[in-house]
Amino acid sequence: MPTLILVRHGQSEWNLANRFTGWWDVDVTEKGVEEARAAGRLLKGKGVMPTLAFTSVQKRAIVTLHLALEECERLWIPEVKDWRLNERHYGGLTGLNKQETRDKHGDEQVHIWRRSFDVPPPPLEKGSTFDLSDDPRYAGIDVPDTESLKLTIERVLPYWESTILPELEKGETVIISAHGNSLRALVKHLSNISDDEITGLEIPTGQPIIYQFDDAMKPGERYYLKDS
Ligand SMILES: O=C(O)[C@@H](CO)OP(=O)(O)O
């Protein structure tokens, strides 16, 4: 049965510092390293062994993938990195402290920026500290200046359909190491969650989520591997 493993990166430096992160490339913390390793040990313990990996071009997801694969002795499997699996772009909020932003703009506004379905945060100014348009990993890509969850879905889903789903169909056990919002995009699609409800779904760091697909490639109920 084709199996999909989704894992959100382990705790990042800016998760810990409570800063809006988005496309900014922060590393995982010591706790994040341990979460990633624990995810790999769980995969091994449950006998869910990935044969193909996908991740973003952001180091917190890449490092998490590698640590998990190391623990389940699967560092050797093929891996594909693609910007379409990146975290949603946090626009002009990138780098700001979440609590200070609440103090300045109010809880409600910050909640809208963080969790509304289709309201993007204010755009990032061109040439500002967190502008990544000249980063070599994005050469030839029109780097967004902000993204809502809706806009994130619009780049994650075509990639899922064109590149990841066909590999599952071939029978691969696919692991995707990605981010809170790129994974929300996938879970929304796979579990058929409404625009309103998806914004309430929080995906914990380093906790493998499993979908098993039937012969018609219909995903079953999602579950946390730790609960199986
Ligand atoms: O800062 C971010 O990029 C994300 C994920 O950590 O935060 P939020 O919980 O607001 O989606």
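These figures come from a predicted structure and were not determined experimentally.

Peer 1: Explain helix H3 (residues 59-71) residue by residue, including any values.
Peer 2: Over its 13 residues, H3 runs 18 Å from end to end, which matches the ideal 18 Å to within 8%, given 1.5 Å per residue. Among the residues of H3, Arg60, Ala61, Ile62, Thr64, Leu65, Leu67, Ala68 and Leu69 are the ones counted as buried. In this fold, the buried residues of H3 make contact with strand S1 (3-8), helix H2 (30-46), strand S2 (52-55), strand S3 (79-81) and strand S4 (173-178). Downstream of H3 by a residue or two, Glu73 has a phi angle that is positive, lying close to 55°.

Peer 1: Before we move on, could you go through the side chain of Thr29 and cite the residues and values that matter?
Peer 2: Examined against the element boundaries, Thr29 turns out to sit in the loop between helix H1 (13-16) and H2. A polar side-chain atom of Thr29 sits 2.6 Å from a polar atom in the side chain of Gln11. If near-sequence neighbours (up to four positions away) are discounted, Thr29 is found in contact with Gln11, Ser12, Glu13 and Leu16.

Peer 1: Quick rundown of the site of the ligand? Include the residues and the values.
Peer 2: Near the ligand you find Arg8, Asn15, Arg19, Phe20, Thr21, Gly22, Glu87, Tyr90, Lys98, Arg114, Arg115 and Asn181, and these make up its full shell. A distance of 2.5 Å is found between an oxygen atom of the ligand and a side-chain nitrogen or oxygen belonging to Tyr90. Between the ligand and the protein, one listed contact pairs an oxygen atom with a side-chain N or O atom of Arg114 at 2.7 Å. Protein contact buries 94% of the 310 Å² of open area that the ligand shows by itself. Classifying every residue of the shell around the ligand by side-chain character gives two nonpolar, four polar and six charged.

Peer 1: Hey, could you go over the UniProt feature "active site" (unreviewed entry) in the protein for me, with residue numbers and the actual values?
Peer 2: Mapped onto this structure's residue numbering, the UniProt feature "active site" (unreviewed entry) falls at His9 and Glu87. Look at the named residues: they lie 79 residues apart in sequence, but the longest C-alpha span between them is just 10.5 Å, so in the fold they bunch up. Here His9 shows up in the loop between S1 and H1. Take His9: its relative accessible area is 1%, and that puts it in the buried class.

Peer 1: Outline the UniProt feature "site: Transition state stabilizer" (unreviewed entry) in the protein, supporting the account with residue identities and numerical values.
Peer 2: The positions UniProt marks with the feature "site: Transition state stabilizer" (unreviewed entry) are His179. Look past the residues within four positions of His179 in its chain and what remains in contact with it is Arg8, His9, Ser56, Gln58, Arg60, Ala61, Leu85, Asn86, Glu87 and Arg184. In this structure the side chain of His179 is engaged in a polar contact, spanning 2.8 Å, whose partner is the side chain of Ser56.

Peer 1: An account of the packing of H2 against H3 is requested, with residue identities and associated values reported.
Peer 2: At their nearest, the axes of H2 and H3 sit 7 Å apart, and the two run at 40° to each other. Viewed along their axes, H2 and H3 adopt a mutual orientation that is oblique. The two elements H2 and H3 cross, and the hand of that crossing is right-handed. Of H3, the residues touching H2 (which contributes Val33, Ala36, Arg37, Gly40, Arg41 and Lys44) are Thr64, Leu67, Ala68, Glu70 and Glu71.

Peer 1: Would you mind going over the side chain of Ser177 in detail, with residue names and values included?
Peer 2: Turning to its location among the elements, Ser177 is positioned in strand S4. Ignoring anything within four residues of it in the chain, the contact list for Ser177 reads Val7, Phe54, Thr55, Ser56, Ala61, Thr64 and Leu65.

Peer 1: Can you tell me about the packing of aromatic side chains, naming the residues and giving the values?
Peer 2: Here the structure, examined in full by the defined rule, presents seven aromatic pairs. Ring centres 4.8 Å apart and planes at 85° place the aromatic pair Trp24 and Phe130 in the edge-to-face group. Of this pair, Trp24 sits in the loop between H1 and H2 while Phe130 sits in the loop between helix H5 (107-115) and helix H6 (149-169), placing them 106 residues apart in sequence. Under the relative-accessibility criterion, Trp24 is labelled partly exposed at 24%. On the basis of an interplanar angle of 80° and a centroid distance of 6.2 Å, the ring pair of Phe54 and Tyr159 is categorised as edge-to-face. Within this pair, whereas Phe54 is found in strand S2, its partner Tyr159 is found in helix H6, the two being separated by 105 residues in sequence. According to the relative accessible area criterion, Tyr159 is buried, its value standing at 6%. Here the aromatic residues Trp14, Trp24 and Phe130 are joined through ring pairs into a cluster of three or more. For the cation-ring pair, Arg19 lies above Trp14, with the distance from its terminal atom to the ring centre recorded as 4.0 Å. Sitting above the plane of the Tyr90 ring, Arg88 keeps its charged end 4.1 Å from the centroid.

Calculation notes
- Residues numbered from 1 in each chain as written.
- Predicted model: local features only at pLDDT ≥ 70, side-chain atom pairs only at ≥ 80, totals over all residues.
- Heavy atoms only, no water.
- Helix = DSSP H or I, 4+ residues; strand = E, 2+ residues; numbered from the N terminus.
- Expected span 1.5 Å × (residues − 1).
- Buried < 20%, exposed > 50% of the residue type's maximum accessible area, 1.4 Å probe, protein only.
- Contact = heavy atoms within 4.5 Å.
- Polar contact = N/O pair within 3.5 Å; in protein donor to acceptor, adjacent residues only side chain to side chain.
- Near = heavy atom within 4 Å.
- Areas by Shrake-Rupley, 256 points an atom, 1.4 Å probe, with all protein chains shown as cover.
- Nonpolar A, V, L, I, M, F, W, Y, C, P; charged D, E, K, R; others polar.
- UniProt positions renumbered as here; feature names shortened; annotations may be inferred.
- Axes fitted to C-alpha atoms, helices over the stretch in contact; angles between N-to-C directions.
- Parallel < 35°, antiparallel > 145°, perpendicular 65-115°, else oblique.
- Left-handed = near helix turned anticlockwise from the far one by under 90°.
- Phe/Tyr/Trp six-rings, centres within 6.5 Å; stacked < 30°, edge-to-face > 60°.
- Lys NZ or Arg CZ within 6 Å of the ring centre and 35° of its normal.

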